[in-house]
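The lines below spell out each chain.
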Amino acid sequence: MKAMILAAGEGRRMRPLTEQTPKPLLTVAGKPLIAWHIEALAAAGFSEIVVNAAYLGDQVAHFCGDGSRWGVRIQMSMESSPLETAGGIIKALPLLGDAPFAVLNADVFTDLPMAQLRRIAPRESGAHLIMVSNPAHHPEGDFGLHQGRVVPAQETQQMSLTYSGIGVFHPAFFLRAGERNVSVDTAEPPKLPLRPLLDRAIATGSVSAEHWTGRWSDIGTPERLAQLDALLSREARH
């Protein structure tokens, strides 16, 4: 199984930290965010990783190189401007192949065992999401979870959960993007968020999920970055 790290965002909420440094290269406990993911994927047996980049993308590409220092092969999918989540994945599909692949947002931090992703086999044209309990900054959550299937939040009596930014997708999930007639034949697909595609697939029962209760942080602001850095640095000293 291949993996894709989403690293193309501008990180506007992280300014001024991202004025000269792309968000995936901001550090926690002395290590760039994207390096934590690459190391975890390599340790879990992933040997081929695709990374997309746009904003200050040359810095991301230079840091990643060919992946050999981590014992993996990294291929870059460069975007002239951020294509949003689904658009970026669609552009990278020729590099990802025909089999299901893992997707990770570069700006989350987790101790999820990445080897767990390699055991997931979503149904054709479907997806499997890693869900987490709603963080304080997103109390309303995203979706409900019922008997292993993702449902609209209003359709479950249980509390909603938040999509972690980590999942496994079948390529056909994006190739059958519906009325927008998405094609990978164009040099630069249209900007396309992930949520509409998820909503469409959820309506057909094509999205499964599991609830991860271990460590997970969405590093969306300088304050949350500083909190995580302090926590990991304190743990490293003990």
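Each remark here, short or long, concerns the structure printed above.
Residues numbered from 1 in each chain as written. Predicted model: local features only at pLDDT ≥ 70, side-chain atom pairs only at ≥ 80, totals over all residues. Heavy atoms only, no water.

*Asks:* Explain the overall build of the protein here, please?
*Replies:* Summing up its helical and strand segments, the protein has six helices and 13 strands in all. Relative to the 2.2 N^0.38 estimate, which gives 18 Å for 238 residues, the radius of gyration of the protein is 17 Å and therefore close to what a compact globule would have. Along the first, second and third principal axes, the C-alpha set of the protein runs to 45 × 40 × 35 Å. Taking the intrachain contacts of the protein between residues at least 6 apart in sequence as the baseline, contacts between residues at least 24 apart amount to 75%. Working note: accessible area of the protein is about 11,200 Å², and carbon and sulfur atoms make up 49% of it. For the protein, the distance from the average site of its 22 positive side-chain charges to the average site of its 24 negative ones is 2 Å. (Helix = DSSP H or I, 4+ residues; strand = E, 2+ residues; numbered from the N terminus. Rg over C-alpha atoms; globule rule 2.2 N^0.38 Å. Contact = heavy atoms within 4.5 Å. Areas by Shrake-Rupley, 256 points an atom, 1.4 Å probe, with all protein chains shown as cover. Lys, Arg positive; Asp, Glu negative; His and termini not counted. Charge placed at Lys NZ, Arg CZ, Asp CG, Glu CD.)

*Asks:* Would you take a moment to explain the pairing of strand β1 (residues 3-6) for this structure?
*Replies:* The side chains of a regular strand alternate between the sheet's two faces. Side-chain alternation along β1 places Ala-3 and Ile-5 on one buried face and Met-4 and Leu-6 on a second face that is also buried. Summarising the sheet, β1 and strand β4 (residues 48-53) pair through four bridges and their orientation is parallel. Note that in β4 the partner of Leu-6 across the bridge is Asn-52. Summarising the sheet, β1 and strand β6 (residues 101-105) pair through four bridges and their orientation is parallel. Looking at β6, one finds that Leu-6 is bridged to Asn-105. (Buried < 20%, exposed > 50% of the residue type's maximum accessible area, 1.4 Å probe, protein only. Pairing = 2+ DSSP bridges.)

*Asks:* Can you walk me through the pattern of salt bridges in this structure?
*Replies:* In a structure, side chains of opposite charge can pair up when their charged atoms sit close to one another. Going through the model one piece at a time under the given rule, you end up with nine salt bridges. A salt bridge links Arg-12 to Glu-10, with the nearest nitrogen and oxygen atoms 3.1 Å apart. Across the pair Lys-31 and Glu-39 runs a salt bridge, and its minimum N-O distance is 2.8 Å. The class for Lys-31 is partly exposed, based on a relative accessible area of 22%. Among the charged side chains, a salt-bridge network with shared partners connects Lys-2, Glu-48 and Arg-73. (Salt bridge = Lys/Arg side-chain N within 4 Å of Asp/Glu carboxyl O.)

*Asks:* Would you take a moment to explain the environment of Arg-123 for this structure?
*Replies:* Note that Arg-123 resides in the loop between β7 (108-110) and β8 (127-132). Under the relative-accessibility criterion, Arg-123 is labelled partly exposed at 44%. For Arg-123 and Pro-171, which are 48 residues apart along the polypeptide, the C-alpha to C-alpha distance reads 11 Å. With sequence-adjacent residues up to four places away left out, Arg-123 is seen in contact with Arg-149, His-170, Thr-204, Gly-205 and Ser-206.

*Asks:* Looking at this structure, how should I read the packing of aromatic side chains?
*Replies:* We describe a pair of aromatic rings using the distance from one ring centre to the other and the angle between the two ring planes. Per the stated rule, a full pass over the model turns up six aromatic pairs. Summarising the aromatic geometry, the rings of Phe-101 and Phe-174 are spaced 6.3 Å apart at their centres and angled 20° between planes, so their arrangement reads as stacked. With Phe-101 in strand β6 and Phe-174 in helix α4 (residues 171-175), this pair connects stretches of sequence that are 73 residues apart. As far as the burial class goes, Phe-101 and Phe-174 line up, both buried. Through pairs of rings, three or more aromatic residues link up here, namely Phe-101, Phe-169, Phe-173 and Phe-174. Lying over the aromatic face of Trp-36, Lys-31 brings its terminal NZ or CZ to 4.1 Å of the ring centre. Across the ring face of Phe-46, the terminal group of Arg-118 is positioned such that the distance to the ring centre comes to 5.7 Å. (Phe/Tyr/Trp six-rings, centres within 6.5 Å; stacked < 30°, edge-to-face > 60°. Lys NZ or Arg CZ within 6 Å of the ring centre and 35° of its normal.)

*Asks:* Would you mind going over unusual backbone geometry with me for this structure?
*Replies:* Glycine aside, residues mostly have negative phi angles, and peptide bonds mostly take the trans form. The amide bond that connects Arg-15 to the next residue, Pro-16, takes the cis arrangement and shows omega of 10°. Along the polypeptide, Pro-16 turns up in the loop between β1 and β2 (27-28). With a phi close to 50°, Leu-56 is a non-glycine residue in the positive phi region. Structurally, the position occupied by Leu-56 is in the loop between β4 and α2 (57-64). Residue class for Leu-56 comes out partly exposed when judged on its relative accessible area of 28%. Despite not being glycine, Ser-125 has its phi angle at roughly 70°, a positive value. Checked against the element boundaries, Ser-125 lands in the loop between β7 and β8.

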